[in-house]
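# A structural walkthrough
Here is how the chains run, residue by residue.
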Amino acid sequence: VSALRTPVALLLLAQCGQSLRSTRISALRTSPRAQGSPPLPRSAACTVAQDVGRMLTTLSAGVVLGIMPAATHLPGGLASVAPAQASQKGAVKSSDSGVGLFVNKDGNSILRLALPRIAELPDLAKAQELIETVKLRFDQVGYKRDPVWAAAATDAGMLERTFDDVKPAVLDKAPTEVKPQVTAILDRIEPELRPFQAALREKDISATLRLQAQLARDLGDLQKALLPPKVLPYEVAEEYGNLPVLKGQAQVEMKLAKGKGNRQRFCADTGSMYTGRFGLSYSEMKEEDADKKGFECAPANTADTATIVLTLDGYHAPVTAGNFAKLVKDGFYDNMPIQQITDLTVQTGNAAKAGKPKTSKIPLEIFYKRDRQPTYSFTSDDDKRGSETMALPFQSYGALGMARDSADLGGEIDNDSATSEFFFVKYDQALIPPGRNTLDGSYSCFGYTAENPVFIKNLEQGDMIVSARLINGEGNLIIPRK
């Protein structure tokens, strides 16, 4: 397989690339297609290249062939970055819907694990997987059984050894301009490792979860500090050069307020939003016990206003996240009412309903977990890839999705009809199975609610987004000149 992979793939992909260059993709994208009809035919070279690519992927333990380059070369001491899904050599291999055997329903964790890999520092990704796995064990198995503590302690021991191995390489490879920031993060991580192991030995769940959360954030910050700004591991297609693009991550702070006459106030007295598989996590157990006692949110813990923070992921949805960030920057979502509530979603941003100017359309943008770049305009059903999973799945409370028209007047679905309307997912595993569901592959997921997702369940129709502003990562937003 190793001997065949390069010459066969290069030959087929070269022919595929030549074919694509001679065909205007925009013409393919705008050609009328009836609902349920198969995708427009690609060239024979591309079809064969994809089939051979999938076969070689299966035979060679996860090697993925892509039309675009696998890595982007960087200035300074680091040579290249590659999409996270292109590298599966971690301590715990990524599964369809999480890590190892565990389903990951934490949006922040999903984003950290999906950061582009730095080729010269593979152990950084390994360390991130180890620390995230500790939380997943307790979320899905509970904390009252000895085997889960033993497994988590093993993860922590491997984490410390991995960190000791990678620290010198990080200091050596870090570009000069970020070395002070990188050194400060390393200095935060090192003194946290031993107390974390001690908390696991003592089976102290509160200290364990607190230290795990801090270590997971610090390791994620370390990876982000080493990644160059405004660089993606692939090139965005030329046909979208007239649209805003987010090259990296950005954060949006949204201030919410209850609408006039709405009775349900924002309640801050709740725990984790993530439901366990075999048992609840520690924070959820406390919440469930309170619910069983007929607990209602104490008035002291309620308010008519709330603040949430969204993380937009331009690494996997550069066009969708870029469009959203540009609208935030322009003040489009200020004084925007919540327009629709369902059991599954909270939806807003419709310009016509809000009396705001109509915005430009953007294409459907999805990123398959095993691909190296996004796919545009075709749903997973269109592309006969409905069984595959996404790099950004709709399996976290507060996942962000871009709404689009269901059908035009001719009865055809317009995949590329998204503008400004978006939705929050009120994730419930009973309604949305992890890994494969009707949202993944049909709508663009472009990020997650990073802080206070609990307030989303208190939103009612008529409540208001008072303001939305970029608080981090605005420099990663590329706005083309008119």
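Report follows, based on the coordinates. Just so it is clear, the model here is predicted, and its values are computed rather than measured.

Here we take up the overall build of the chain. Along its length, the chain carries eleven helices and 19 strands. Considering only contacts in the chain between residues 6 or more positions apart, those separated by 24 or more positions represent 78%. Carbon and sulfur atoms provide 52% of the accessible area of the chain, an area that totals close to 22,100 Å².

Our next topic: the sheet that holds strand E10 (residues 305–313). In spatial order, the strands read E7-E10-E17-E15-E16-E12-E11-E18; together these eight strands close into a barrel with antiparallel pairing. With direction set aside, neighbouring strand axes in the sheet form an average angle of 35°. In the sheet, strand E7 (residues 249–257) pairs with E10 via nine bridges, with the strands oriented antiparallel. Residue pairing across strands places Ala-257 opposite Thr-305, the latter belonging to E10.

Okay, helix H5 (residues 122–141) next. An α-helix turns once per 3.6 residues; consequently, residues spaced three or four apart project the same way. An ideal rise of 1.5 Å per residue puts 28 Å on 20 residues; H5 measures up with 29 Å between its terminal C-alpha atoms. A large share of H5 lies buried, amounting to 16 of its 20 residues. Once H5 finishes, Gly-142 follows within two positions and takes phi at roughly 90°, a positive value.

Right, let's get into the pairing of strand E17 (residues 444–451). Buried residues dominate E17, accounting for seven of its eight residues. Here four bridges tie strand E15 (residues 399–402) to E17, and the two strands are oriented antiparallel to one another. Looking across to E17, one finds that Leu-400 is bridged to Gly-447.

Definitions and cut-offs
- Residues numbered from 1 in each chain as written.
- Predicted model: local features only at pLDDT ≥ 70, side-chain atom pairs only at ≥ 80, totals over all residues.
- Heavy atoms only, no water.
- Helix = DSSP H or I, 4+ residues; strand = E, 2+ residues; numbered from the N terminus.
- Contact = heavy atoms within 4.5 Å.
- Areas by Shrake-Rupley, 256 points an atom, 1.4 Å probe, with all protein chains shown as cover.
- Pairing = 2+ DSSP bridges.
- Axes fitted to C-alpha atoms, helices over the stretch in contact; angles between N-to-C directions.
- Expected span 1.5 Å × (residues − 1).
- Buried < 20%, exposed > 50% of the residue type's maximum accessible area, 1.4 Å probe, protein only.

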